[in-house]
Amino acid sequence: MDKFVINGGRRLSGRVRISGAKNATLALMPMVLLAPGVFRLHNTPNIRDVWSMSRLLGEMGAHCELNGNELFLDSSNITSHEAPYEQVKKMRASINVLGPLVARYGEAKVSLPGGDAFGPRPVDLHLKGLEKLGAEITLENGYIHAKSSGLQGAKIHFDISSVGATENVLSAAVLAKGSTLLTNAAIEPEVTALARLLVKMGAKINGIGTNTIEIEGVKELHPVEEENIPDRIEAATFLIAAAMTRGKVIVENVNQYHLTAVIAKLEEAGCTIDITGNSITLEMDDAPRPIDITTAIYPGFPTDTQAQWIAFMMLAKGSSRITDSIFHSRFHHVPELQRLGAKIEMVSNSAIVHGGAHLSGATVMSGDIRASASLILGALIAEGRSDILRVYHLDRGYEAIEKKLAGLGASIERVKTDEY
Ligand code: EPZ
């Protein structure tokens, strides 16, 4: 087991390169089930969730190899159409194999993901959409059993613009017979990246990047090479880290258009931001203004940056309200930040952060990727030493975060420990 030991008070400065997007990678990888052959995904983050997805696809017969950030996948010999509980419980995104399996093989047995650190994570919209396409879905012994003798295009309206449900249904509709119309679909950049990959594979999709997506089913698809998009949430995390330490950091390999809400709020808080090409330079030389945020679906402020924003507002000159309208109980980081000295009150799905409290180092831990990131941010500015336990959660979604932060001047090191 590893932990991070951080000594607070260092100002971050310099350049950091953002890795490929975790949530795009987890949407793209299962698409190898739609066509036999060799796929290559460039700019793949070397993170635990990619290893988990590789292991799952491997157990299904695909050959996956990650060399640095180059991912090679060969789906010529898929032998199993099952995603077992032991895999799915580690990573909910495993459910993304459901749509492609039903579409191409007419059957799938996928464990229900269950809940996770921030509450129930239902998949009813995934299943409703696949049923609309003609799949027969039954739930038994904690598994989703799906069967189809050939999917038929349909009109599907998503009650909620769910990222995962849009991805699963889209990846099934591309091989359904006839036309499919998705309305109120999610428009996160990771969904757009998936749609673009599918078109490259031979799918017929219109309305990419909008809430209304039209698909004309095709008989077959073919393997491709693809360049992954940058990770907008990793970028947001580093921008906030720079702001909290009153540093000057250039974040490279980002797409500014994926970060408009976060950039706007950072500027409102008093950060100076300069954007040139795919680099964003943030400079901050004071405590931030207290800025309220409410998370929303894209292009609103991302729920995956809510925890990091709370950490930032611990330093503000006043109080701010951070509301998560997507995951109402995604606040397990709050009690841990309070251990660092933060003054935060919870009111339903809002955290009221009273900035300016004295923050001192402590041992903290979390069970969610982004919550763990917020603890690192808090430790970067708390006085003295902090130990962050259970860093495997961070390793799920951030490639070598301690090396990247140390490269910017942070005092952080990875240490073996029996503590957990
Ligand atoms: C994706 O999860 C991301 N994960 C999450 O990132 C992210 O927080 C989330 O989208 C929201 O942006 C991946 O892409 C692998 P949703 P997903 O379906 O698809 C409700 C991270 O830290 N809902 O868009 O599961 C749901 O409860 C992770 O990188 C249903 O009610 O999110 C939530 O309230 C954490 N029924 C809302 O929709 C369903 O069938 C949005 O969830 C599906 C979802």
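Scroll up to find the structure.
In this text the structure is predicted, and so the values were computed from the model without any measurement.

**A short note on the site of the ligand**
And then number 1: With respect to spatial proximity, 21 residues lie near the ligand, and among them Asp124, Leu125, Ser162, Gly164 and Asp304 are the closest.
And then number 2: Ile326 has a polar backbone atom sitting 2.8 Å from an oxygen atom of the ligand.
And then number 3: Compared with its free state, where it exposes 840 Å², the ligand has 86% of that area covered by protein.
And then number 4: Of all the elements, helix α5 (residues 124–132) adds the most residues to the shell around the ligand, at three residues.
And then number 5: Class assignment of the residues belonging to the shell around the ligand gives a composition of nine nonpolar, five polar and seven charged.
And then number 6: Here the shell around the ligand gathers at least three residues from each of two domains, domain 1 (2–19 + 230–416) and domain 2 (22–227).

**What about the side chain of Ser372?**
And then number 1: Mapped onto the secondary structure, Ser372 falls in helix α12 (residues 369–381).
And then number 2: Accessibility expressed as a relative area gives 1% for Ser372, which makes it buried.
And then number 3: Aside from chain neighbours lying at most four places away, what touches Ser372 is Ser366, His393 and Leu394.

**Points about the pairing of strand β21 (residues 350–354)**
And then number 1: With four of five residues buried, β21 lies mostly within the body of the structure.
And then number 2: When strand β19 (residues 319–323) meets β21, the two strands line up antiparallel, connected through five bridges. The residue bridging Ile322 from the neighbouring strand is Ala351, located in β21.
And then number 3: As judged from the five bridges shared by strand β20 (residues 343–347) and β21, these two strands associate in the antiparallel manner.

**Regarding the pairing of strand β11 (residues 179–183)**
And then number 1: The alternating pattern of β11 places Thr180 and Leu182 on a buried face, while none of Ser179, Leu181 and Thr183, on the opposite face, is buried.
And then number 2: Assessed by its sense of winding, the connection that carries the chain from strand β10 (residues 155–157) through helix α6 (residues 163–173) to β11 is right-handed.
And then number 3: Across four bridges, the pairing between β11 and strand β13 (residues 213–216) is antiparallel. Within β13, the position partnered with Leu181 by the bridge is Glu214.

**Some remarks on the pattern of salt bridges**
And then number 1: Tallying each qualifying case throughout the model produces 21 salt bridges.
And then number 2: The shortest N-O distance in the salt bridge between Lys265 and Glu268 comes to 3.5 Å. Separated by three residues within a single helix, Lys265 and Glu268 lie in helix α9 (residues 260–268), roughly one turn from each other.
And then number 3: Between Asp395 and Arg414 there is a salt bridge, and its shortest N-O distance comes to 2.8 Å. Of this pair, Asp395 sits in helix α13 (residues 392–397) while Arg414 sits in strand β24 (residues 411–416), and the two are 19 residues apart along the sequence.
And then number 4: For Asp395, a relative accessible area of 14% puts it in the buried group.
And then number 5: Bridged by salt links that share partners, the residues Asp2, Asp395, Glu402, Arg414 and Lys416 form one connected network.

**Description of a positive patch on the surface**
And then number 1: Taken together, the side chains of Arg48, Arg55, Lys89 and Lys90 define a basic patch exposed on the protein surface.
And then number 2: Within the secondary structure layout, Lys90 lies in the loop between α3 (85–88) and α4 (98–105).

**What to know about the sheet that holds strand β17 (residues 279–283)**
And then number 1: Spatial ordering of the open sheet is given by β2-β15-β17-β16, a layout of four strands whose pairing is mixed. Of all strands in the sheet, those with a lone pairing partner are β2 (13–17) and β16 (272–276), marking the two edges. Going across the sheet, the axis of each strand differs from the next one's by a mean of 15°, ignoring polarity.
And then number 2: Sheet analysis places strand β15 (residues 248–252) next to β17, joined by five bridges and oriented antiparallel. Residue pairing in the sheet places Glu252 in a bridge with Ser279 of β17.
And then number 3: Lying over the sheet, α9 contacts β16 and β17, oriented at roughly 145° with respect to β16.

**A look at the packing of α6 against helix α7 (residues 189–200)**
And then number 1: Interaxial distance between α6 and α7 falls to 10 Å at its minimum, and their mutual angle equals 10°. Taken together, the axis directions place α6 and α7 in an arrangement best described as roughly parallel. Contact with α6, carried on its side by Val163, Thr166, Glu167, Leu170 and Ser171, involves Glu190, Val191, Leu194, Ala195 and Leu198 of α7 and no other residues of that element.
And then number 2: Grouping the amino acids of the contact of α6 with α7 by side-chain chemistry returns six nonpolar, two polar and two charged.

Definitions and cut-offs
Residues numbered from 1 in each chain as written. Predicted model: local features only at pLDDT ≥ 70, side-chain atom pairs only at ≥ 80, totals over all residues. Heavy atoms only, no water. Near = heavy atom within 4 Å. Polar contact = N/O pair within 3.5 Å; in protein donor to acceptor, adjacent residues only side chain to side chain. Areas by Shrake-Rupley, 256 points an atom, 1.4 Å probe, with all protein chains shown as cover. Helix = DSSP H or I, 4+ residues; strand = E, 2+ residues; numbered from the N terminus. Nonpolar A, V, L, I, M, F, W, Y, C, P; charged D, E, K, R; others polar. Domains from an automatic or database assignment. Buried < 20%, exposed > 50% of the residue type's maximum accessible area, 1.4 Å probe, protein only. Contact = heavy atoms within 4.5 Å. Pairing = 2+ DSSP bridges. Right-handed = clockwise from strand over helix to strand, strands pointing away. Salt bridge = Lys/Arg side-chain N within 4 Å of Asp/Glu carboxyl O. Patch = residues over 30% accessible without salt bridge, like charges linked within 9 Å, V, L, I, M, F, W, Y side chains within 5 Å. Lys, Arg positive; Asp, Glu negative; His and termini not counted. Charge placed at Lys NZ, Arg CZ, Asp CG, Glu CD. Axes fitted to C-alpha atoms, helices over the stretch in contact; angles between N-to-C directions. Parallel < 35°, antiparallel > 145°, perpendicular 65-115°, else oblique.

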